[in-house]
Amino acid sequence: MIQTPRFRTPVRKAVGVLATLTALGALLVACNGQKAEDQKAEDQKAGNNGSINVYTSRHYDADTHIYEAFEKETGIKVNRLEMQAAQLVERMKAEGASSPADVILMADAGALWKAQDAGLYQPLQSDVINAKIPANLREPSGQWFGFSRRARVIIYDKAKVKPEEVATYEALATPRFKGKICVRSSDNVYNLSLMAAVIEHLGPEKALEWAKGVTANMARDPQGGDRDQIKAVAAGICEVAISNTYYYLRMTHNADELDQAVVDKTAMAFPSLAGQGTHVNISGGGLAKHAPNRDNAVKFLEYMTNDASQTIFAKYNNEFPVITTSETPEHIKALDGFKADPVNVLTYGTRQAEAQKLLDQAGWK
Ligand code: FE
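Since this is a predicted model, take the numbers as computed values, not measurements. (Residues numbered from 1 in each chain as written. Predicted model: local features only at pLDDT ≥ 70, side-chain atom pairs only at ≥ 80, totals over all residues. Heavy atoms only, no water.)

Asker: Help me out: how do you make sense of the overall build of the protein in this one?
Answerer: Scanning the protein from N- to C-terminus turns up 16 helices and nine strands. The C-alpha radius of gyration of the protein comes to 21 Å, within 12% of the 21 Å expected for a compact globule of 365 residues. Once the C-alpha set of the protein is aligned to its principal axes, its extents read approximately 65 × 45 × 35 Å. In the protein, 78% of the contacts between residues at least 6 apart in sequence involve partners at least 24 apart. Counting every atom, the protein has about 15200 Å² of accessible surface; 53% of that belongs to carbon and sulfur. (Helix = DSSP H or I, 4+ residues; strand = E, 2+ residues; numbered from the N terminus. Rg over C-alpha atoms; globule rule 2.2 N^0.38 Å. Contact = heavy atoms within 4.5 Å. Areas by Shrake-Rupley, 256 points an atom, 1.4 Å probe, with all protein chains shown as cover.)

This is the structure:
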């Protein structure tokens, strides 16, 4: 279905890992009492225009390209510390007011909200960000905002499923898909956010019924990540899988023969939830509460919304940009006409706990 030039998402390079380790070392020093002034002195010595410390749970190579572009353009050095979202929250809580973190980056509004719940941001009302990012993709008080979008969609077996059968999320709970669904576990934040949206639109009772229906239709116990569900469809283990769009688009846009075999057998549907449109989540970021390099951090967060960054999210991670640019790859542009659920993504955060409770109740492992 996608006929545009193919490119390979760059694999994580040893250099990238080294850079992360170096940044980690620098940050550890900072945590052990190195003052912001010391960092300033180091920057002066190195000829940097200051620096920022980015705590991120995003595991995508696209971000490295953005850090490099930002450093080149502004002269501000980016120290990156990468870890899982839950670890990031625990670490910042432990660091407290002496945290060297300037910027927090995370995938999924549910994860961004958990950092908010722990009081890790300071509100930021940036004219640049507010003008560029639609209100439903921002936390209203300025705690965090989305800079790229990903839909949570249905990948289906083209030979066995008609597109109209996967036009809604509700269909997944019907007897049509008895023993035909592959999906990852219920403690995954992507699923929790989807369930939060189902609760928001259908109410808790119907949402529970939906989750019970999906669970009863599973082809196997939840296991693996989104890519594994897609592969299971191609392998005939199930007829439909729930996945984020970029995992599938990565498969369609690389030269890997195994991925191509998967893509040949499958297609992607953008289902609607309660007639509102497809469930869309974000990657995003916010300003850390005790940011020692606040001004540079604001510059960095605003940089995420410029054309160069928006292009990189689409080009290297197959995410939908918030702002389409002239350089946005054609295969992303071509798919971006889908009707998206307009609900504010903050809902996915505030309903996380309720979502987990109902998924547990439904028996979704
Ligand atoms: Fe992911």
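Asker: When you look at helix H9 (residues 226-234) in this model, what are you seeing that I'm missing?
Answerer: Side chains of residues three or four places apart in an α-helix project in the same direction, reflecting 3.6 residues per turn. Buried within H9 we find Asp-226, Gln-229, Ile-230, Ala-232, Val-233 and Ala-234. Backbone geometry just downstream of H9 places Gly-236 in the positive-phi region, at approximately 85 degrees. (Buried < 20%, exposed > 50% of the residue type's maximum accessible area, 1.4 Å probe, protein only.)

Asker: How do you make sense of the state of the cysteines when you look at a structure like this?
Answerer: By definition, a disulfide links the sulfur atoms of two cysteine residues through a covalent bond. What the rule picks out here adds up to one disulfide. Here Cys-182 is linked by a disulfide to Cys-238, with a sulfur-sulfur distance of 2.1 Å. Judged by the sign of its S-S torsion, about -105 degrees, the bond between Cys-182 and Cys-238 is left-handed. Here Cys-182, found in strand E5 (residues 181-182), pairs with Cys-238, found in the loop between H9 and strand E6 (240-244); they are 56 residues apart in sequence, far enough to count as distant. (Disulfide = S-S within 2.5 Å.)

Asker: Before we go on, may I ask you to explain the domain arrangement of the protein in this structure?
Answerer: For an interface, size is often stated in terms of accessible area lost upon the parts coming together. Examined at the domain level, the protein breaks down into domain 1 (11-148 + 282-329) and domain 2 (150-278 + 348-362). Here the C-alpha centroids of domain 1 and domain 2 sit 30 Å apart. On the side of domain 2, 14 residues touch domain 1, which itself brings 17 residues to the contact. Both sides of the domain 1 and domain 2 interface together cover about 1200 Å² of buried area, and 56% of this is carbon and sulfur. (Domains from an automatic or database assignment. Buried area = accessible area lost by both parts, 1.4 Å probe.)

Asker: Honestly, the packing of helix H7 (residues 189-202) against helix H8 (residues 204-216) in this entry has me stumped. Any pointers?
Answerer: Geometry of a packed helix pair, given as the angle between the helix axes and the separation of the axes. At a minimum axis separation of 7 Å, H7 and H8 run at an interaxial angle of 135 degrees. Relative to H8, the element H7 lies oblique. Between H7 and H8 lies a crossing whose hand is right-handed. Contacts between H7 and H8 pair Leu-194, Met-195, Val-198, Ile-199 and Leu-202 from the former with Pro-204, Lys-206, Ala-207, Leu-208, Trp-210 and Ala-211 from the latter. Residue composition of the contact of H7 with H8, grouped by class: 10 nonpolar, no polar and one charged. (Axes fitted to C-alpha atoms, helices over the stretch in contact; angles between N-to-C directions. Parallel < 35°, antiparallel > 145°, perpendicular 65-115°, else oblique. Left-handed = near helix turned anticlockwise from the far one by under 90°. Nonpolar A, V, L, I, M, F, W, Y, C, P; charged D, E, K, R; others polar.)

Asker: Sorry, what's going on with the pairing of strand E8 (residues 280-287) here?
Answerer: Consecutive side chains of a regular strand alternate in pointing toward one face of the sheet and then the other. Summarising burial for E8: eight of the eight residues are buried, a large majority. Side chains of E8 alternate between two faces, with Val-280, Ile-282, Gly-284 and Gly-286 and Asn-281, Ser-283, Gly-285 and Leu-287 buried alike. Two elements, strand E3 (residues 103-107) and E8, share five bridges in a ladder whose sense is antiparallel. Bridging from a neighbouring strand, Leu-105 pairs with Gly-285 of E8. With six bridges joining them, strand E4 (residues 145-157) and E8 adopt antiparallel strand pairing. (Pairing = 2+ DSSP bridges.)

Asker: Would you explain empty space enclosed by the protein in this entry?
Answerer: In this approach a probe as big as a water molecule rolls over the atoms, and the regions it shows empty are the leftover space. Scanning the entire structure with this criterion turns up one cavity of 30 Å³ or more. In this structure, the largest cavity spans a volume of roughly 70 Å³. If you go around the largest cavity, the residues you meet are Leu-124, Ile-129, Asn-130, Arg-138, Glu-139, Gly-142, Gln-143, Trp-144, Phe-145, Gly-285, Gly-286 and Leu-287. Among the secondary structure elements, those contributing two or more residues to the lining of the largest cavity are helix H6 (127-132) and E8. Among the elements that make up the lining of the largest cavity, the one with the highest residue count is E8 (three residues). Residue composition of the lining of the largest cavity, grouped by class: five nonpolar, five polar and two charged. (1 Å grid on protein atoms, 1.4 Å probe; cavity = no way out; pocket = protein on both sides within 12 Å on 5 of 7 lines; lining within 4 Å. Points joined across faces, edges and corners; volume = space filled by probe spheres on them.)

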